[in-house]
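Single-letter residue listing:
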Amino acid sequence: MTTPAPHPRSLEALGLAVAAALEPLTYPGLPVTAPALLNGRELWELEPVAGDLGDWPVRMPDGSGDPLPLDRVLRNLGAAGPGGRVPVLAVGSNASPGQMAYKLAHAGLSGVLPMVPVRVGGIGVGLSGHISPRGYVSASPYTDPEAETPLVVTWPDPEQLAAVDATELPNYVRALLPAADFPVTLPSGRRLDGAYVYANARGVLGRPDGTRRPAGPQRAVLRGLLAESPPLRELLGPGPGDWVRRAAADAGVRARGTELFAEEGWLLPEPGLVRYAGTG
């Protein structure tokens, strides 16, 4: 018996099904590259237009009929409309449809979530000064007045937002960034009035010269850190696979690895975004 082909807009068919929570070395996963509506395990095409987000047309995945405005599609799906959602910048794996589909399903919540690539001023992306429960070293935003960075904005409803908050604490806190200092530009050219971001409460990783280490594919990140630190190699090495396996299995190992970041002199404070926490 032949296996049916996956739906053409399924995450599997699009190559976006992998969740870093389940496969840590794939972190941060593949982000959306065009505006889309995540609907469980499918990713529907969303067309940016000059109007509000609710006016953006959604192409039906079966190709039938004319595109419908997002507001109507959300109602048809029994999901909260745009007015009941807030924009949240995704810096790491939250930009990945596979990761978000996993997080929302794991929490028993609606998997309906708009996801839109944007350009963000004033923010760079580095590495957090901690080892996550899954064993990887996650991406972290930091202030950089000269930067314009491609990121993704998600629009969770209140229940989705609370669930994602719970996956980020205590290492990250949600902060509302003012548009004047951190402009977020949609593909339509419109700028948001403001957006949330998960600000790092621990600090980011730096190099010996004091510059911040950039985010990147997890295998390369871990190889670089292991190559520079004999204590980390002894604790977590010799390779990236050993790192995530040992770290995910033992909270004490994660805590010691996190301490070593500071002992190696890599930990840089990052107060520029945390100060906006609790403002929205």
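The structure under discussion appears in the preceding block.
Residues numbered from 1 in each chain as written. Predicted model: local features only at pLDDT ≥ 70, side-chain atom pairs only at ≥ 80, totals over all residues. Heavy atoms only, no water.

**Describing the overall build of the protein chain**
Moving on, step 1. Scanning the protein chain for helices and strands turns up 9 helices and 12 strands.
Moving on, step 2. On C-alpha atoms alone, the protein chain measures out to a radius of gyration of 19 Å, which is about the 19 Å that the 2.2 N^0.38 rule sets for 280 residues.
Moving on, step 3. Looking at the protein chain as a whole, 50% of its 280 residues qualify as buried.
Moving on, step 4. Within the protein chain, counting contacts between residues at least 6 apart in sequence, those at least 24 apart form 69% of the total.
Moving on, step 5. Here the protein chain has roughly 12,600 Å² of accessible surface; of this, 54% comes from carbon and sulfur atoms.
Moving on, step 6. Across the protein chain, the centroid of the 24 positively charged side chains sits 4 Å from that of the 28 negatively charged ones. (Helix = DSSP H or I, 4+ residues; strand = E, 2+ residues; numbered from the N terminus. Rg over C-alpha atoms; globule rule 2.2 N^0.38 Å. Buried < 20%, exposed > 50% of the residue type's maximum accessible area, 1.4 Å probe, protein only. Contact = heavy atoms within 4.5 Å. Areas by Shrake-Rupley, 256 points an atom, 1.4 Å probe, with all protein chains shown as cover. Lys, Arg positive; Asp, Glu negative; His and termini not counted. Charge placed at Lys NZ, Arg CZ, Asp CG, Glu CD.)

**Points about empty space enclosed by the protein**
Any empty space left between atoms is shown by rolling a water-sized probe over those atoms.
Moving on, step 1. Scanning the model with the defined rule gives 1 cavity of 30 Å³ or more in all.
Moving on, step 2. Its boundaries defined by the atoms lining it, the largest cavity holds a volume of some 60 Å³.
Moving on, step 3. Together, Val88, Leu89, Ala90, Asn94, Met100, Thr154, Pro156, Leu161, Val164 and Tyr198 line the largest cavity.
Moving on, step 4. For the lining of the largest cavity, the secondary-structure elements that each account for two or more residues are β5 (88-90) and α4 (158-168).
Moving on, step 5. A total of 3 residues in the lining of the largest cavity trace back to one element, the largest contributor, which is β5.
Moving on, step 6. The residue makeup of the lining of the largest cavity, split by class, is 8 nonpolar, 2 polar and no charged. (1 Å grid on protein atoms, 1.4 Å probe; cavity = no way out; pocket = protein on both sides within 12 Å on 5 of 7 lines; lining within 4 Å. Points joined across faces, edges and corners; volume = space filled by probe spheres on them. Nonpolar A, V, L, I, M, F, W, Y, C, P; charged D, E, K, R; others polar.)

**What to know about the layout of surface pockets**
Moving on, step 1. Of the pockets and cavities examined, the largest pocket occupies roughly 700 Å³.
Moving on, step 2. Taken together, 38 residues form the lining of the largest pocket, with Lys103, Pro133, Tyr136, Thr167 and Glu168 sitting closest to its centre.
Moving on, step 3. Contributions of two or more residues to the lining of the largest pocket are made by β5, α3 (97-106), β7 (139-154), α4 and α8 (251-263).
Moving on, step 4. Taken together, the residues of the lining of the largest pocket sort by class into 21 nonpolar, 12 polar and 5 charged.
Moving on, step 5. For the second largest pocket, the calculated volume is near 330 Å³.
Moving on, step 6. Taken together, 24 residues line the second largest pocket, and the ones lying closest to its centre are Pro28, Pro31, Val91, Gly92 and Pro150.

Interpretation in functional terms is not warranted from these geometric data alone.
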